[in-house]
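Chain by chain, the residues:
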Amino acid sequence: DYKVTGVQTCALPIYFGYMTSENAIHQSFHLSSYKEYTTKDIVESQTIAEWGGGYGCLARMIRKINSSCTYIIMDLPELNALQYVYLSSIFGKESVNYNCKEYEIEVGKINLISSDFVMSLNKSIKVDSFISHWALTESGSDYQSYVIDNNFFDAKNILIGCVDDENNDLIKN
C-alpha cells in the first residue's frame, strides 16, 4: 500500500514520487526506442493516427510535446467517450473533436473517431505517422485488412506493438 498526502490507496503499479504510471513509462519507452532505431522523432509529426487509444495516455504525452499536431484516435465508441472525458479534462473541450455523427478531422486538435465509422466512410485518411500498441492486432481480421489495404493511412512513420500469434494478420502479410 502507498500513502499519498494522508490518503490510503491500494497497491498500484505507480511510483508517486514521479507522478507517473507504468503505462506512461511503457509508452515513453516505445517512443524512445522508435527514435533510437529510426533516428526519427515521431512526436514531431504534424498528423498522427493512433489505432486504439486506450484512455488517451499516448495522445496526452504527444500533445504535451507537440501541441500543434493533429491527432486522430480510431477506437471503439465507448473508449472514444472515455478518451473525450480524460483528454478534454486535461486540454479543454475546445481541443478535442469528438466525432459522433459526422466525419471531419479538425486540424490542430485531438480527433476521436469510431473505428467502425471510419471503415464505413470509404474516405481517404492521410497521416505522417501511424501508431498502434497492440490494439490493431487485437482487432479482427477485417480491421487489420482495412488498415493494411489503406497502407497505414499513407504514414511515413509506423510504430506498432503487437503479439505474434494466429490472430496477427500484419505478420502474415
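All residue numbers here refer to positions counted from 1 along the written sequence of the relevant chain. Owing to the predicted nature of the model, reporting of local features is limited to residues with pLDDT of at least 70; listing and counting of side-chain atom pairs is limited to 80 or more, with chain, interface and lining totals taken over all residues. With hydrogens and water stripped out, all remaining heavy atoms of the structure feed into the side-chain values.

Chemist: Is there a simple way to think about the overall build of the chain in this case?
Modeler: A helix here means a DSSP run of H or I that spans at least four residues, while a strand means a run of E at least two residues long, and both kinds are numbered starting from the N terminus. Summing up its helical and strand segments, the chain has eight helices and 10 strands in all. Contacts: residue pairs with any heavy atoms within 4.5 Å of one another. A separation threshold of at least 6 residues defines the contact pool for the chain, and within that pool the share at least 24 residues apart is 58%. Note on areas: Shrake-Rupley, 1.4 Å probe, and residue coverage restricted to the protein chains presented here. By element, 54% of the accessible surface of the chain is carried by carbon and sulfur atoms, the whole surface being about 9600 Å².

Chemist: Got a minute to help me understand the environment of Glu102 in this structure?
Modeler: When you line up the elements, Glu102 lands in the loop between β7 (96-99) and β8 (110-114). With 19 residues separating them in the primary sequence, Glu102 and Leu121 have C-alpha atoms 9.6 Å apart.

Chemist: Would you mind going over helix α2 (residues 57-65) with me for this structure?
Modeler: Residues spaced three or four apart along an α-helix point in a common direction, a consequence of the helix completing one turn every 3.6 residues. Among the residues of α2, Cys57, Leu58, Ala59, Met61, Ile62 and Arg63 are the ones counted as buried. Those residues of α2 hidden inside the fold are in contact with α1 (22-38), β5 (47-51), β6 (70-75), α3 (77-91), β8 and β9 (129-133). Exposure classes here rest on a 1.4 Å probe applied to the protein chains alone. A residue is buried below 20% of its type maximum, exposed above 50%, and partly exposed in between.

Chemist: So what exactly am I meant to see when it comes to the packing of α1 against α2 here?
Modeler: Geometrically, a packed helix pair is captured by the angle between its two axes and the distance between the axes. The geometry of α1 relative to α2 is characterised by a closest axis approach of 10 Å and an angle of 60 degrees between their N-to-C directions. Comparing their axes, α2 and α1 come out oblique. Both α1 and α2 take part in a crossing whose hand is right-handed. Judged by residue contacts, Asn23, Ala24, Gln27, Ser28 and Leu31 of α1 engage Cys57, Leu58, Arg60, Met61 and Ile62 from α2. Note that Gly is not counted as nonpolar here; it falls among the polar residues with everything else outside the nonpolar set of Ala, Val, Leu, Ile, Met, Phe, Trp, Tyr, Cys and Pro and the charged set of Asp, Glu, Lys and Arg. Tallied by class, residues from the contact of α1 with α2 come to six nonpolar, three polar and one charged. Every axis corresponds to a line fitted to the C-alpha atoms, with the helix fit spanning only the stretch in contact, and the corresponding angles, defined between N-to-C directions, vary from 0 to 180 degrees. In what follows, roughly perpendicular refers to angles from 65 to 115 degrees, roughly parallel to angles under 35, roughly antiparallel to angles over 145, and oblique to any angle outside these ranges. By convention the crossing between two helices is left-handed if the near helix lies anticlockwise of the far one by an angle smaller than a right angle, and right-handed if it lies clockwise.

Chemist: Help me understand the packing of aromatic side chains, please; the structure alone is not making it clear to me.
Modeler: Given two aromatic rings, their pairing is described by the distance between the two centres and the angle made by the two planes. Note on ring pairs: Phe, Tyr and Trp rings are taken, using the six-membered ring of Trp, and paired if centres are within 6.5 Å. Classes follow the plane angle, with under 30 degrees stacked, over 60 edge-to-face and the rest tilted. Within the structure shown, the criterion is met by six aromatic pairs. Ring centres of Tyr84 and Tyr98 lie 5.3 Å apart, and the angle between their planes is 15 degrees; on these two criteria the pair is classed as stacked. Here Tyr84 is found in helix α3, whereas its partner Tyr98 is found in strand β7, with 14 residues between them in sequence. Assessed through its relative accessible area of 30%, Tyr98 is described here as partly exposed.

Chemist: Can you walk me through unusual backbone geometry in this structure?
Modeler: Negative phi values dominate among residues other than glycine, just as trans dominates among peptide bonds. With phi around 60 degrees, Thr39 is a residue other than glycine that occupies positive phi space. Along the chain, Thr39 falls in the loop between α1 and β5.

Chemist: Just checking my understanding: could you explain the confidence of the model for the chain for this structure?
Modeler: Do not read the predicted coordinates in detail wherever pLDDT is low. The pLDDT score gives, residue by residue, the confidence of the prediction method on a 0 to 100 scale. Confidence in the prediction for the chain averages 86 pLDDT; 87% of positions are at 70 or higher. The secondary-structure element of the chain with the lowest mean pLDDT is strand β1 (residues 2-4), recorded at 39, while β5 shows the highest, at 97. When the criterion is pLDDT under 50, residues 1-11 qualifies, and its contacts beyond four places in sequence or with other chains add up to 15 contacts.

Chemist: Help me understand the packing of α2 against α3 in this model?
Modeler: It is the contact of α2 with α3, at a shortest axis distance of 10 Å, that shows an interaxial angle of 25 degrees. Considering their axes alone, α2 and α3 lie roughly parallel with respect to each other. α3 is crossed by α2, and the crossing has right-handed handedness. Where α2 approaches α3, its residues Cys57, Ala59, Arg60, Arg63 and Lys64 are matched on the opposing element by Tyr86, Leu87, Ile90 and Phe91.

Chemist: Would you explain the sheet that holds β9 in this entry?
Modeler: Where strands meet in a sheet, backbone hydrogen bonds hold them as pairs that are either parallel or antiparallel. Read across the open sheet, the six strands follow the order β7-β8-β6-β5-β9-β10; overall the sheet is parallel. The strands lining the two open edges of the sheet, one partner per strand, are β7 and β10 (157-161). When the angles between neighbouring strand axes are averaged without regard to direction, this sheet yields 15 degrees. Should DSSP find at least two bridges between two strands, the strands are regarded as paired. Relative to β8, β6 runs parallel, the two being bridged by five bridges. Following the sheet pairing, Tyr71 is matched in β8 by Ile110. Its contacts with the sheet put α2 on β5, β6, β8 and β9, and the angle it makes with β6 is roughly 175 degrees.

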